[in-house]
Amino acid sequence: MFKLDAERGVSVLNLQTARDKPWLFSQGKNGVVQCWDLGQSAPQFVSALQTQCGSFCRFSVPDCSAAALSAGSMLLAVPGASGNVVQIWDVHNQKVAQTINPEAYGPKRGLVMAVNMFTPPQAQSPMLTILCEDGHLTFWDISAAACLCDLPLHSDADTGLSMALYAPQYAFGVTGFAGSHLRYVQLDYDAGAVSASVTAELALPEDGPCGVSDVSIRQDGKLVITGGWDHRVRVFSTGRTPRPLAVLRLHTATVNAVDFCRPGAPAATVAGADQRLFVSASADKRVALWSLY
């Protein structure tokens, strides 16, 4: 067990690991993203990115590091200092490799609320999705900084807050909002052409504060979990007719983060549970490990 004072007293906004590298990324509220190599006998510091991101939007690293390499380096997406552009950082060189401005392809978008880098089936390089304050979900070719698709999802009064996208085999995403619903988005990718459409909408019970803080899709693409403002963790199915499966009551404050355990992760190996494990973290200062199915 190791303790990393990654942000030196600054609140940590986000933690994320690379898919097939033993790297841990931490994002502080001071805008600094740090990278650690956990594959050594003791964690080794790799780099610190001075992103100056002042919003609550979390960074994203690609779901497949092999396809995300640019001149041998991992890429990372995070909003810039203004909050309305996205910067693509070269982790090794600690430099901005690309800046993407959603407002260059449309009217005023407002702040960037969520970003997600992913690698579509048959694609050779990662793509980027950006969920903006005006309710539009846009899909981008990172190398060309070109917008490939623009999908209006919701109104200004129903601000998007969270997004999960799963692409390797099941090209769909799920978005959470300040309102009481989830939207499932289908992604079609063919020879560089991208189209997206809303395939399902699920209403959430309005028995408490409405809003979804975080969304995660299981590796097999069959289950979705959400963390809510109402202190609940919810489980949903996917497929043609998504439906609610369970409401988990443990936390006593907003559930800020949820994530499925990836196959082969140490926790899954020890428990023998593989994809059945997931975690939730709440403003009640508790982290819970759950076993499902």
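Reading guide: rules and limits
- In this convention, every chain numbers its residues from 1, walking through the sequence in written order.
- Per-residue local features of the predicted model are confined to residues with pLDDT of at least 70, and side-chain atom pairs are confined, for both listing and counting, to 80 or more; whole-chain, interface and lining totals are unaffected and use all residues.
- Excluding hydrogens and water, the side-chain figures rest on all heavy atoms present in the structure.
- By convention in this document, the label disulfide applies to cysteine sulfur atom pairs within 2.5 Å.
- For each residue, the accessible area found with a 1.4 Å probe, counting protein chains only, is set against the maximum for its type, and the residue is called buried under 20%, exposed over 50%, and partly exposed in between.
- Elements are defined by DSSP. Helices are runs of H or I of four residues or more, strands are runs of E of two residues or more, and each kind is numbered from the N terminus.
- By salt bridge we mean one thing: a side-chain nitrogen of Lys or Arg within 4 Å of a carboxyl oxygen of Asp or Glu.
- By definition, two strands form a pair when at least two bridges between them are found by DSSP.
- Fitted lines through C-alpha atoms give the axes, limited to the stretch in contact for helices. The angle between two N-to-C directions lies from 0 to 180 degrees.
- Patches were defined on residues exceeding 30% relative accessible area and lacking a salt bridge, with like-charge contacts within 9 Å and nonpolar side-chain contacts (Val, Leu, Ile, Met, Phe, Trp, Tyr) within 5 Å.
- Every accessible area reported is derived by Shrake-Rupley at a probe size of 1.4 Å, with residue values counting cover from the shown protein chains alone.
- For every residue, the predictor states its confidence as a pLDDT score lying anywhere from 0 to 100.
- Any two residues having at least one pair of non-hydrogen atoms within 4.5 Å are treated as being in contact.
- Note on aromatic contacts: the rings of Phe and Tyr and the six-membered ring of Trp form a pair at centre separations within 6.5 Å, being stacked when their planes are under 30 degrees apart, edge-to-face when over 60 apart, and tilted otherwise.

Let's talk about the state of the cysteines
Thinking step 1. Across all of its chains, the model carries zero disulfides by this definition.
Thinking step 2. Lacking any disulfide linkage, Cys-57 is separated from the closest cysteine sulfur, that of Cys-53, by 6.2 Å.
Thinking step 3. Residue Cys-57 is classed as buried on the basis of its relative accessible area of 3%.
Thinking step 4. Here Cys-149 stays unpaired: no disulfide links it, and the sulfur of Cys-147, its closest cysteine neighbor, is 7.2 Å away.

A closer look at the environment of Val-215
Thinking step 1. Looking at the secondary structure, you find Val-215 in strand S16 (residues 212-217).
Thinking step 2. Look at Val-215 and you get buried, because its relative accessible area is 5%.
Thinking step 3. Taking C-alpha positions, Val-215 is 9.7 Å from Gly-173, a pair spaced 42 residues apart along the chain.

Digging into the pattern of salt bridges
Thinking step 1. The full count for this structure, using the stated rule, is seven salt bridges.
Thinking step 2. A salt bridge links Asp-214 to Arg-58, with the nearest nitrogen and oxygen atoms 3.2 Å apart. Of this pair, Asp-214 sits in strand S16 while Arg-58 sits in the loop between strand S4 (44-50) and strand S5 (75-79), and the two are 156 residues apart along the sequence.
Thinking step 3. A salt bridge links Arg-234 to Asp-230; the shortest N-O distance between them is 2.7 Å. In this structure, Arg-234 and Asp-230 share a single accessibility class: buried.
Thinking step 4. One connected set of salt bridges, linked through shared partners, spans Arg-109, Asp-134 and Asp-150.

Things to note about unusual backbone geometry
Thinking step 1. Despite not being glycine, Gln-52 has its phi angle at roughly 65 degrees, a positive value.
Thinking step 2. With respect to the helices, strands and loops of the structure, Gln-52 is situated in the loop between S4 and S5.
Thinking step 3. For Gln-52, a relative accessible area of 56% corresponds to the exposed category.
Thinking step 4. One non-glycine residue, Ala-145, adopts positive backbone phi at about 50 degrees.
Thinking step 5. Along the chain, the position of Ala-145 falls in the loop between strand S10 (136-141) and strand S11 (146-152).

Side note on the pairing of strand S14 (residues 181-190)
Thinking step 1. Taken together, the five bridges between strand S13 (residues 172-177) and S14 define a ladder with antiparallel strand orientation. Its bridge partner lying in S14, Phe-172 is registered against Gln-186.
Thinking step 2. The antiparallel hairpin formed by S13 and S14 contains three residues in its connecting segment.
Thinking step 3. Here S14 pairs with strand S15 (residues 193-203) via 10 bridges, running antiparallel. Within the sheet, the bridge partner assigned to Arg-183 lies in S15 and is Glu-201.

Things to note about the sheet that holds strand S6 (residues 86-90)
Thinking step 1. Spatially, the three strands line up as an open sheet ordered S5-S6-S7, and their pairing is antiparallel. Whereas interior strands pair on both sides, the edge strands pair on one side only; in this sheet they are S5 and strand S7 (95-100). Across the sheet, the mean angle from the axis of one strand to that of its neighbour is 30 degrees, orientation sign disregarded.
Thinking step 2. Alignment of S5 against S6, held across five bridges, turns out to be antiparallel.

Notes on a nonpolar patch on the surface
Thinking step 1. Residues Val-279, Val-287 and Leu-289 make up a contiguous nonpolar surface patch of about 290 Å² in total accessible area.
Thinking step 2. Topologically, Val-279 is positioned in strand S21 (residues 277-282).
Thinking step 3. For Val-279, a relative accessible area of 33% corresponds to the partly exposed category.

Quick notes on the sheet that holds strand S3 (residues 32-37)
Thinking step 1. Sheet architecture is open: four strands sit in the order S1-S2-S3-S4, paired in antiparallel fashion. This sheet does not close on itself; its edge strands, each paired only once, are strand S1 (12-17) and S4. The mean angle between the axes of side-by-side strands here comes to 15 degrees, regardless of whether they run parallel or antiparallel.
Thinking step 2. Sheet topology places S1 next to strand S2 (residues 23-28); five bridges connect them, and they run antiparallel. Pairing of Gln-16 across the sheet is with Phe-25, part of S2.

Some words on the confidence of the model for the protein chain
Thinking step 1. Model confidence for the protein chain is summarised by a mean pLDDT of 79, while 79% of its residues fall at 70 or above.
Thinking step 2. pLDDT under 50 marks residues 65-71. Its contacts with residues more than four places away, or in other chains, come to 15 contacts.

Let's talk about the pairing of S5
Thinking step 1. Within S5, five of the five residues are buried, which leaves it mostly tucked inside the rest of the structure.
Thinking step 2. Burial of the side chains of S5 extends over both faces: Leu-75, Ala-77 and Pro-79 are buried on one face and Leu-76 and Val-78 on the other.
Thinking step 3. Where S5 folds back on S6, the antiparallel hairpin that results is connected by six residues, among which Gly-83 adopts a positive phi of roughly 85 degrees.

Quick word on the packing of aromatic side chains
What characterises a pair of aromatic rings is the spacing of the ring centres plus the angle enclosed by the ring planes.
Thinking step 1. Counted by the stated rule, this structure contains five aromatic pairs.
Thinking step 2. Ring geometry for Phe-260 against Phe-278: centres 5.7 Å apart, planes inclined by 65 degrees, an arrangement best described as edge-to-face. With Phe-260 in strand S20 (residues 255-260) and Phe-278 in strand S21, the pair connects residues that are 18 residues apart, well separated along the chain.
Thinking step 3. What links up through ring pairs into an aromatic cluster is the set Trp-23, Phe-25 and Phe-59.

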